Amino acid sequence: MAQLRAPADEQRQQEALDGVVAGGGNESNKKARAGLCGVLRERKVVDLARGKRRLVEVPYTATLAHTANALLAARVSAVAVAAPPGHWIGAGGSMILESDPATGVVRKHYIGMVNMLDILAHIAEASDEAEADDEAVDLARRMAVPVSSVIGHSLEGLTLWTLHPNTSVLDCMETFSKGVHRALVPLESSADNVVAVELVESAPGYRMLTQMDVVRFLRAHGAELKGLLSRTVRELGAVNEAVFAVASGTRVIDAIKAMRAASLAAVPVVDATVDTTEALQDGVGKKAVETFSATDLRDCPVARLQPWLGISVTEFKRKVTEYRASNRPVVPGADATDTGVPVDDADTPAAAAIATDEEQNEQQPLVTCSPESTLGEAIEAAATRHVHRLWAVDDEGLLRGVVSLTDVIRAVREAALGEDRELHSIVSS
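Each residue is numbered by its place in its chain's sequence as written, counting from 1. Two thresholds apply to this predicted model, a pLDDT of at least 70 for residue-level local features and 80 or more for giving and counting side-chain atom pairs, whereas whole-chain, interface and lining totals are computed over all residues. Computation of side-chain values: all heavy atoms of the structure, hydrogens and water removed.

1. Examining the sheet that holds strand β13 (residues 288–293)
What the four strands build is an open sheet, ordered β12-β10-β11-β13; its pairing is mixed. Taken across any chain shown, the strands that pair with only one partner, and hence form the sheet edges, are β12 (281–282) and β13. Relative to β12, strand β10 (residues 244–247) runs antiparallel, the two being bridged by two bridges. Counted as the bridge partner of Ala245 is Gln281 from β12. Pairs of residues are marked as contacts when any of their non-hydrogen atoms sit within 4.5 Å. Here an angle of 0 to 180 degrees is reported between the N-to-C directions of two axes, which are lines fitted to C-alpha atoms, with helices fitted over the stretch in contact. Elements are defined by DSSP. Helices are runs of H or I of four residues or more, strands are runs of E of two residues or more, and each kind is numbered from the N terminus. Contacts between helix α11 (residues 252–262) and the sheet are confined to β10, β11 (266–270) and β13, with β13 contributing the most and set at about 70° to the helix. Taken strand by strand, helix α14 (residues 313–326) contacts β10, β11 and β13, and its axis lies near 70° from that of β13. The rule for pairing is simple: two strands pair if DSSP sees at least two bridges between them.

Below you can see the structure in the form of structure tokens.
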């Protein structure tokens with residue numbers, strides 16, 4: 001993604017990755033303490049967040065159809081849901097507020113985060129109800145409900161997290177290593193100088209920090225990672241050997257329902273016979289041909305989703321690819337449906353570059369690694385191909401596991417803490 005940014009934005013993002021804050025003085029540029037753990041403690045999440053575009057959001061009154069269109073237009077995986085202050089309890093009891101920078105008066109309350117899995121869960125529930133009544137799914141009616149009604153349908157949406165700008169990258173990695181994929185970071189905070197995950201915050205503006213931002217930070221600081229990058233993902237325990245898959249002939253609606261039940265954002269599509277009783281099957285030892293993910297559903301136009309629910313996942317991916325190819329360019333941030341997406345900020349050369357890069361990556365072949373691939377190779381593949389998981393395959397191309405960004409971040413954090421303990425034991429002995 002970085003290679004396609006406009007020059008000014010590319011320089012700003014590179015400064016953030018290098019831990020250089022404009023105007024920060026000697027304190028911002030001081031040499032990190034010895035060891036990887038010291039580097040990760042010195043760098044703050046605000047350094048990673050400054051170079052990002054303004055938060056993409058939708059109002060709580062937006063319909064699911066509008067929200068799906070906003071996800072597609074802005075090329076993002078999740079959007080914040082904003083409501084008037086004082087009328088809502090945020091997801092997980094959070095109080096994440098945006099205030100006027102001049103007066104400090106609270107303008108809006110972020111009540112939750114909605115991603116495509118939340119929408120898929122809603123569709124899956126509709127399918128269950130329709131099957132019970134022996135009726136067809138009325139998708140238009142289901143997609144007309146307000147987005148506020150589906151907050152928390154997926155596991156991640158149950159809580160809205162924010163990170164204090166002074167939180168270290170190491171502490172941020174603790175949160176992301178537990179499966180949290182994204183958190184809000186205020187560029188200026190009115191909260192006490194805490195350095196951990198918070199559920200209460202009021203600030204004039206936020207940025208979204210994701211697992212991918214942390215992985216790109218690690219990639220940019222390869223020199224500090226030293227020998228860690230040369231160790232294999234298997235050695236570091238970053239390969240999850242439990243892999244659920246769907247057969248290429250599985251119907252889209254059946255795959256959606258199974259993914260919703262298992263809280264999966266993506267599954268490998270394998271060359272296997274369709275199981276008529278269970279959509280998900282053990283993927284280990286089977287040949288993976290492609291990935292079916294929430295992103296595929298996001299890229300499907302709402303008007304086409306209804307007739308495409310009953311086709312196979314392979315046919316669905318082909319149709320989505322054809323539609324995407326015949327309907328370019330999609331203007332990033334376009335707000336033709338009154339969704340609240342910030343057109344003035346999202347419709348920038350940098351945002352367009354990001355969108356173009358993501359579109360290219362989504363159409364690339366299956367992204368895999370070997371259990372014996374090095375951590376450096378895994379990080380490089382994930383960052384350059386903009387994927388959130390690598391399917392681990394053997395020499396014959398058969399599935400042996402999956403390496404997710406959660407696994408990568410956890411492995412790096414545990415290695416850094418282990419190195420730190422060794423350094424302390426040497427010093428104290």
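2. Observations concerning the packing of aromatic side chains
Two rings from Phe, Tyr or Trp (for Trp, the six-membered ring) form a pair when their centres sit within 6.5 Å of each other. Planes less than 30 degrees apart are called stacked, planes more than 60 degrees apart edge-to-face, and all others tilted. All chains considered together, the criterion is met by three aromatic pairs. For the pair Tyr110 and Tyr206, a centre-to-centre distance of 5.7 Å together with 90° between the ring planes defines the contact as edge-to-face. You can see Tyr110 sitting in strand β4 (residues 106–115) and its partner Tyr206 sitting in strand β9 (residues 206–210), a full 96 residues away along the chain. Pairing Phe292 with Phe316 gives two aromatic rings, centres 6.0 Å apart and planes at 75°, and the pair type is edge-to-face.

3. A word on the sheet that holds strand β16 (residues 399–404)
Each strand in a sheet pairs with its neighbour through backbone hydrogen bonds, running either in the same direction (parallel) or in the opposite one (antiparallel). Here we have three strands laid out as an open sheet, ordered β14-β15-β16, and mixed in their pairing. Only two strands of the sheet have a single partner each, and these edge strands are β14 (368–369) and β16. Here β14 pairs with strand β15 (residues 389–393) via two bridges, running parallel. When the sheet's bridge partners are listed, Thr368 is paired in β15 with Trp391.

4. Some words on the confidence of the model for the protein
Detailed conclusions should not be drawn from predicted coordinates in areas where pLDDT is low. Predictor confidence is given residue by residue as pLDDT, running from a minimum of 0 to a maximum of 100. Scored by pLDDT, the protein comes out at a mean of 78, with 75% of its residues at no less than 70. Across residues 1–33 the pLDDT falls below 50, and counting only partners more than four positions away or on other chains, this stretch makes 48 contacts in the model. Segment residues 329–363: pLDDT under 50, and 72 contacts once partners within four positions in sequence are set aside and those in other chains are kept.

5. Things to note about empty space enclosed by the protein
Using a grid of 1 Å spacing that covers the protein atoms alone, one calls a set of points a cavity when a 1.4 Å probe fits there but cannot get out, and a pocket when the set is open and has protein on both sides within 12 Å along at least five of seven lines; lining residues are those with an atom within 4 Å of a point. Grid points are joined across faces, edges and corners, and a volume is the space filled by probe spheres set on the points. As enumerated under the stated definition, the model contains two cavities of 30 Å³ or more in all. A volume near 90 Å³ is recorded for the largest cavity. If you trace the largest cavity, you find it lined by Met113, Asn115, Asp118, Glu156, Gly157, Thr159, Leu160, Trp161, Val180 and Arg182. Residue polarity is assigned by list, with Asp, Glu, Lys and Arg as charged and Ala, Val, Leu, Ile, Met, Phe, Trp, Tyr, Cys and Pro as nonpolar; anything else, Gly included, falls into the polar class. Tallied by class, the residues present in the lining of the largest cavity amount to four nonpolar, three polar and three charged.

6. Here we look at the environment of Asp394
Inspection of the secondary structure puts Asp394 in the loop between β15 and β16. Only protein chains enter the accessibility calculation, which uses a 1.4 Å probe; a residue whose area is less than 20% of its type maximum is buried, one above 50% is exposed, and one in between is partly exposed. Judged by its relative accessible area of 23%, Asp394 is partly exposed. For the pair Asp394 and Lys287, spaced 107 residues apart in sequence, the C-alpha separation works out to 10.0 Å. Here Glu396 takes part through its backbone nitrogen, which lies 2.9 Å from a polar atom of the side chain of Asp394. Here a polar contact is taken to be a pair of N or O atoms separated by no more than 3.5 Å, where protein atoms must pair a possible hydrogen donor with a possible acceptor and residues adjacent in sequence count only if both atoms sit in side chains. A polar contact is formed between the side chain of Asp394 and the side chain of Arg400, at a distance of 3.0 Å.

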